[in-house]
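Commentary on secondary and tertiary structure
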Amino acid sequence: MSETSLRILLVDQNADRAAILEEGLREAGCREITVVREMHSLMRRILDTDPDVIFIDLENPNRDVLEQMFQVSRIVRRPIAMFVDQSDRNTIEAAVDAGVSAYIVGGMRKERVQNILDLCISRFNAFARLQNELDRTKSALEERKVIDRAKGILMNAKSLSEEAAYALLRKTAMNENKKIAEVAQSVITAAELFK
């Protein structure tokens, strides 16, 4: 996606700071920028504008703002760049935990906006890839657990070896055009009905 097609939501209560960021974004080639001056109903504004990237400029983020960012990042899953005047280690950690892709402290200059935008999107994409890989791994582990449980049920009910139980699950899955985990879940469900 090119920068010119990016929809940017810029959140800042300070008009002067917002103007610096907006000018920097326009110089970076962004054309669709929505500026929001109030933090209340931020989630509604984000959902209404459906931005590709969120820039939020704060003097000193408090726990309520970081909690709101945490909710935003969990629901909308967008790159978020947060600009603050000063910070400490706990606030930085809380911001990262809240899903902020780029946390910039002090010295906002419009010349830095393009690099910050690129960093924000790159870090978000890297994190999203890691999250997807983690989700796939968790899913595979859960499927493995279901298959192992179903094998155990078949081994007990039909006096089969582990290999034969797995072969039966695999053959049934192929015959029914289903995943082995789906057939295994059916075996578990059926076994629970007969308890």
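Up top is the structure these notes are about.
The text that follows walks through the structure, step by step, so that each part is easy to find.

The rules we used
Residues numbered from 1 in each chain as written. Predicted model: local features only at pLDDT ≥ 70, side-chain atom pairs only at ≥ 80, totals over all residues. Heavy atoms only, no water. Helix = DSSP H or I, 4+ residues; strand = E, 2+ residues; numbered from the N terminus. Rg over C-alpha atoms; globule rule 2.2 N^0.38 Å. Contact = heavy atoms within 4.5 Å. Lys, Arg positive; Asp, Glu negative; His and termini not counted. Charge placed at Lys NZ, Arg CZ, Asp CG, Glu CD. Salt bridge = Lys/Arg side-chain N within 4 Å of Asp/Glu carboxyl O. Buried < 20%, exposed > 50% of the residue type's maximum accessible area, 1.4 Å probe, protein only. Pairing = 2+ DSSP bridges. Axes fitted to C-alpha atoms, helices over the stretch in contact; angles between N-to-C directions. Disulfide = S-S within 2.5 Å.

As a further point, take the overall build of the protein. Within the protein one finds seven helices and five strands. Tracing the protein from N to C terminus, the helices and strands come up as β-α-β-α-β-α-β-α-β-α-α-α. Relative to the compact-globule value of 16 Å for 195 residues, the protein shows a C-alpha radius of gyration of 25 Å, a clear excess of over 25%. Along the longest, intermediate and shortest principal axes, the C-alpha atoms of the protein span 75 × 35 × 25 Å. Of the contacts made within the protein by residues no fewer than 6 positions apart, 62% connect residues no fewer than 24 positions apart. In the protein, 29 side chains carry a positive charge and 31 a negative one; their mean positions are 8 Å apart.

This brings us to the pattern of salt bridges. Tallying each qualifying case throughout the model produces 15 salt bridges. A salt bridge links Glu 162 to Lys 151, with the shortest nitrogen-to-oxygen separation between them at 2.8 Å. Pair noted here: Glu 162 is in helix α6 (residues 162-176) and Lys 151 is in helix α5 (residues 113-158), with a separation of eleven residues, a long-range link. Of the residues examined, Glu 162 reaches a relative accessible area of 42% and is grouped as partly exposed.

Whether parallel or antiparallel, the strands of a sheet pair through hydrogen bonds between backbone atoms. The sheet built from five strands is open, its strands ordered β2-β1-β3-β4-β5 with parallel pairing. Single-partner strands in this sheet number two, and they are β2 (32-36) and β5 (102-105). Each strand axis lies, on average, 15° off the axis of its neighbour in the sheet, ignoring direction. Sheet topology note: the strand β3 (residues 53-57)/strand β4 (residues 80-84) ladder contains four bridges and is parallel. Looking across to β4, one finds that Asp 57 is bridged to Phe 83. Docked against the sheet, helix α1 (residues 15-27) engages β1 (7-12), β2, β3 and β4, running at close to 165° with respect to β1.

We now examine the state of the cysteines. Per the counting criterion, the structure on display carries zero disulfides. Free cysteine Cys 30: the closest other cysteine sulfur is in Cys 120, separated by 11 Å. Overall, Cys 30 belongs to the buried group, its relative accessible area being 0%. Given a relative accessible area of 0%, Cys 120 falls into the buried group.

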